[in-house]
Amino acid sequence: MTTSYSFMLSDLLKKENFDLQRVKLLRHSMNHKRFKVAYDANCVLEYTKMQVPGFYNDVDLVLNFVGDQGTTARLVGCYKPTLVSQPIEAHLFSDKVPQALLAHPQNIYHELIETNDYSDLINRLYIDWGKGTVNWSQRAINDKPIIAIKSVPSLEFKGYEKIVLMYDQLKQIIDNQVTYENWHDALKSVHAIYLITDLTEGRQYVGSAYGADSLFQRWKMYVETKHGNNKRLIKYLTEHPDYYRQFQFSILQVIPKTILQKEVIELENLYKEKLGTRLANGLNEN
């Protein structure tokens, strides 16, 4: 039985008077090695700028999607091409772009400007790309069903360095994968040295996160247990059972997943020394 959809991507585009033939849809696969490098480095826009000559000819709008489960795709960017293109040179990109992405003999640099068109739907709009997922670049004349527009999260992910979360906020993020999918992806993508501060008494705990799901998995344990199975925190919460609600979670240092576990632990110990969290007023046992 064929599924019938009442809301199509063309409905959104026609509402703003876009010519479907001049709208380019891109669906990047997380199985593509070069794209995965770009995604993990938060360089999706930069990656999208590097394409073959003429790639954005006769295009007024680019809707950039990332492949999700099955044939679904999540909107991650809205861009307008300009007429500017030139050979790829390092100075055209920020330092965060991995050098490996710049070395592609067939590609050139295309200027793309982020636009407010549909920016409110970024990371919220999901479409069904259909069976032709191999065809990662298509014109919007190939219509796509809209299968979900997710609710607006009350907590916006603005970068690792800006994360300051109270326990209840962290629990809200961990417990709601659909609404906070971008948070889940971000917390799983890096190793980190993190800080827990008890705002009731000002005591601090330094920890490290590494492994498959890294920071997400570690902070999920705090949501589930309150103490993360740390000896001194267990004792502390036994004496003060409600103090966990005043626990504030932040990140001291983001670490690439390529680093060795031994090096992560060395960094963790360094921060413990700097902050004195092994002292009587700290919360680290060792």
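Scroll up a little and you will see the structure.
Scoring rules and cut-offs
- Residues numbered from 1 in each chain as written.
- Predicted model: local features only at pLDDT ≥ 70, side-chain atom pairs only at ≥ 80, totals over all residues.
- Heavy atoms only, no water.
- Core = buried A, V, L, I, M, F, W, Y, C linked by side-chain atoms within 4.5 Å.
- Buried < 20%, exposed > 50% of the residue type's maximum accessible area, 1.4 Å probe, protein only.
- Helix = DSSP H or I, 4+ residues; strand = E, 2+ residues; numbered from the N terminus.
- Contact = heavy atoms within 4.5 Å.
- Salt bridge = Lys/Arg side-chain N within 4 Å of Asp/Glu carboxyl O.
- 1 Å grid on protein atoms, 1.4 Å probe; cavity = no way out; pocket = protein on both sides within 12 Å on 5 of 7 lines; lining within 4 Å.
- Points joined across faces, edges and corners; volume = space filled by probe spheres on them.
- Nonpolar A, V, L, I, M, F, W, Y, C, P; charged D, E, K, R; others polar.
- Pairing = 2+ DSSP bridges.
- Axes fitted to C-alpha atoms, helices over the stretch in contact; angles between N-to-C directions.
- Arc of directions from axis to C-beta.
- Parallel < 35°, antiparallel > 145°, perpendicular 65-115°, else oblique.

Peer 1: What is the right way to look at the nonpolar core in this model?
Peer 2: Side chains that are nonpolar tend, in soluble globular proteins, to be buried together. Ile163, Tyr194, Leu215, Trp219, Tyr222, Phe247 and Phe249 are the most contacted members of the largest nonpolar core, which totals 31 residues. Looking at this core, the elements that each hand over two or more residues are helix H5 (167-175), helix H6 (181-188), strand S10 (191-198), strand S11 (203-209), helix H7 (214-225), helix H8 (231-239) and strand S12 (247-255). Counting residues per element, this core draws most heavily on H7, at five residues. In this structure isoleucine 163 touches Phe157, Trp183, Leu187, Trp219, Phe249, Ser250 and Ile251, once residues within four positions along its chain are discounted. Grouped together as the second largest cluster of nonpolar side chains are 23 residues, Leu45, Phe93, Val97 and Leu102 included.

Peer 1: Where do I start with the pattern of salt bridges in this structure?
Peer 2: A side chain of one charge can pair with a side chain of the opposite charge if their charged atoms are brought near each other. Here the structure, examined in full by the defined rule, presents twelve salt bridges. With a closest N to O distance of 4.0 Å, glutamate 181 and arginine 74 form a salt bridge. With glutamate 181 in helix H6 and arginine 74 in strand S4 (residues 72-86), the pair connects residues that are 107 residues apart, well separated along the chain. The salt bridge involving arginine 203 is made with glutamate 201; its shortest N-O contact spans 3.4 Å.

Peer 1: So what exactly am I meant to see when it comes to empty space enclosed by the protein here?
Peer 2: Unoccupied space between atoms shows up once a probe the size of one water molecule is rolled over them. Taken as a whole, this structure holds one cavity of 30 Å³ or more when the rule is applied. For the largest cavity, the calculated volume is near 40 Å³. Along the walls of the largest cavity sit Leu9, Leu12, Leu13, Leu63, Leu75, Tyr118, Leu121 and Leu125, which together make up its complete lining. Partitioning the lining of the largest cavity into residue classes produces eight nonpolar, no polar and no charged.

Peer 1: What exactly am I supposed to notice about unusual backbone geometry here?
Peer 2: The phi torsion of most residues other than glycine is negative, and most of the peptide bonds are trans. With phi around 65°, asparagine 17 is a residue other than glycine that occupies positive phi space. In this fold, asparagine 17 is placed in the loop between helix H1 (9-15) and strand S1 (23-28). Residue classification places asparagine 17 among the exposed residues on the basis of a relative accessible area of 70%. Not every positive phi belongs to a glycine, and aspartate 58 is a case in point at roughly 55°. Structurally, aspartate 58 can be placed in the loop between strand S2 (50-51) and strand S3 (61-67).

Peer 1: Which parts of the structure should I look at to understand the sheet that holds S12?
Peer 2: Spatially, S9-S12-S10-S11 is the arrangement adopted by the four strands of the open sheet, whose pairing is antiparallel. Of all strands in the sheet, those with a lone pairing partner are strand S9 (164-166) and S11, marking the two edges. Looking at each pair of strands side by side, their axes are set apart by 25° on average, direction ignored. With respect to the sheet, H5 is in contact with S9 and S12, its orientation differing from that of S9 by roughly 95°. Sheet contacts for H8: S10, S11 and S12; angle to S12, the most-contacted strand, approximately 165°.

Peer 1: For this particular structure, what's the right way to read H5?
Peer 2: At 3.6 residues per turn, the α-helix brings residues three or four places apart onto the same side. The complete set of buried residues in H5 reads Tyr167, Leu170, Ile173 and Ile174. The arc that holds every buried residue of H5, seen down its axis, measures 125°, which confines them to one face. In the core, the buried residues of H5 are packed alongside S9, H6, H7 and S12.

Peer 1: How do you make sense of the pairing of S1 when you look at a structure like this?
Peer 2: In regular strands, side chains alternate between the two faces of the sheet. Most of S1 sits inside the fold, with six of its six residues counted as buried. Every second residue of S1 is oriented toward a common face, with Val23, Leu25 and Arg27 on one face and Lys24, Leu26 and His28 on the other, all of them buried. In terms of strand pairing, S1 meets S3 through six bridges, oriented parallel. Across the sheet, the residue bridging to histidine 28 is valine 66, located in S3.

Peer 1: So what exactly am I meant to see when it comes to the packing of H6 against H7 here?
Peer 2: Geometrically, a packed helix pair is captured by the angle between its two axes and the distance between the axes. Where H6 contacts H7, the two axes come as close as 5 Å, and the packing angle between them is 110°. Between H6 and H7, the angle falls in the class roughly perpendicular. On the side of H6, the interface is formed by His184, Leu187 and Lys188, while H7 contributes Ser214, Leu215, Phe216 and Trp219. Across the contact of H6 with H7, the residue classes break down as four nonpolar, two polar and one charged.

Peer 1: Sorry, what's going on with the side chain of threonine 72 here?
Peer 2: Here threonine 72 shows up in strand S4. For threonine 72, a relative accessible area of 16% translates into the label buried. Those residues in contact with threonine 72, other than ones at most four positions away along the chain, are Arg27, Val66, Gly67, Ile127, Asp128 and Ile147.

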